[in-house]
Amino acid sequence: MLFFKLWIKVISITALVFFLYPAADTGQKRVKSINCKKYAAVPYLCTREMDPVCGTDDITYSNRCVFCTKKLQSKGKLGFLHGGNC
């Protein structure tokens, strides 16, 4: 009986850690704002790297450069919502 209780505790703790660990660290960077000035000199010359950014139009842009290009095209109407997918 003691072995059974110990086994239940181990399984419960393992399950709890397994389900809570991804919630604690999503792997996404916490970005508060984006400075688009450095992309203004050479718009449309963006790399294809994936570092998602969510705009105020609820569209996920593949990276900061693509977001800033769209923001410059919108003449500032597009804003930054958060880093990561929308």
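Note: the structure precedes this text.
All values derive from a computational prediction rather than experimental measurement. (Residues numbered from 1 in each chain as written. Predicted model: local features only at pLDDT ≥ 70, side-chain atom pairs only at ≥ 80, totals over all residues. Heavy atoms only, no water.)

Per the stated rule, a full pass over the model turns up three disulfides. Residue Cys36 pairs covalently with Cys68 via a disulfide, S to S 2.1 Å. An S-S torsion of about -70° defines the bridge between Cys36 and Cys68 as left-handed. Taken as a pair, Cys36 in the loop between helix H1 (2–24) and helix H2 (37–40) and Cys68 in helix H3 (residues 64–73) lie far apart in primary sequence, 32 residues in all. For the pair Cys36 and Cys68, a shared accessibility class is recorded, and that class is buried. Covalently, Cys46 is tied to Cys65 through a disulfide, its sulfur atoms 2.0 Å apart. One quick way to see it: the torsion about the S-S bond of Cys46 and Cys65 is about -75°, and its sign makes the bridge left-handed. Of the two residues, Cys46 is situated in the loop between H2 and strand E1 (53–55) and Cys65 in helix H3; the sequence distance between them amounts to 19 residues. Within the chain, bonded cysteines paired by disulfides and numbered along the sequence follow the pattern 1-5, 2-4, 3-6. (Disulfide = S-S within 2.5 Å. Helix = DSSP H or I, 4+ residues; strand = E, 2+ residues; numbered from the N terminus. Buried < 20%, exposed > 50% of the residue type's maximum accessible area, 1.4 Å probe, protein only.)

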